[in-house]
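The residues making up each chain are set out below.
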Amino acid sequence: LEPSDTLLEAGLPIGEVTTTSRDGTLRIWNPATGVCDRTLSSAEPVYLTSFSPDGLFFSTQSAGDFEARICNKETGECERMLVGHSDLVMSARYAPSVRGYHWR
């Protein structure tokens, strides 16, 4: 993955690093070794990612639609669509966790 292909990087709470790309992949890297531990694929370019405070879910946005998605980190499956924007979603972030509250 060339640096010019990467549109946004975001760190996971557990110390991993993620990259997203126009090639439709989200890669999870081990920063100590520089090895890609996992690749999740999409038919569309992936422009952003943000991980839930517990590291189990991530939000992402792909080109060509006005929706963000909440996906399961282990399976890559979309668990919830965030619908309502009338133009491209430019950012999606989780709020810091609050003791006793779980988003699910």
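Right, let's walk through the structure included here. Treat the numbers as computed from the prediction; the structure is a model and nothing was measured. (Residues numbered from 1 in each chain as written. Predicted model: local features only at pLDDT ≥ 70, side-chain atom pairs only at ≥ 80, totals over all residues. Heavy atoms only, no water.)

Here's the deal with the environment of S50
Thinking step 1. If you trace the backbone, S50 turns up in strand β5 (residues 46–51).
Thinking step 2. Residue S50 is classed as buried on the basis of its relative accessible area of 4%.
Thinking step 3. Spatially, the C-alpha atom of S50 lies 6.8 Å from that of T60, the residues being ten residues apart in sequence.
Thinking step 4. Among all residues touching S50, those that are not within four sequence positions of it are F57, F58, S59, A92, R93 and Y94. (Helix = DSSP H or I, 4+ residues; strand = E, 2+ residues; numbered from the N terminus. Buried < 20%, exposed > 50% of the residue type's maximum accessible area, 1.4 Å probe, protein only. Contact = heavy atoms within 4.5 Å.)

Overview of the environment of C36
Thinking step 1. With respect to the helices and strands, the residue C36 is situated in strand β4 (residues 35–41).
Thinking step 2. The spatial distance from the C-alpha of C36 to the C-alpha of E16 is 9.8 Å, given a sequence separation of 20 residues.
Thinking step 3. Aside from chain neighbours lying at most four places away, what touches C36 is R27, I28 and W29.

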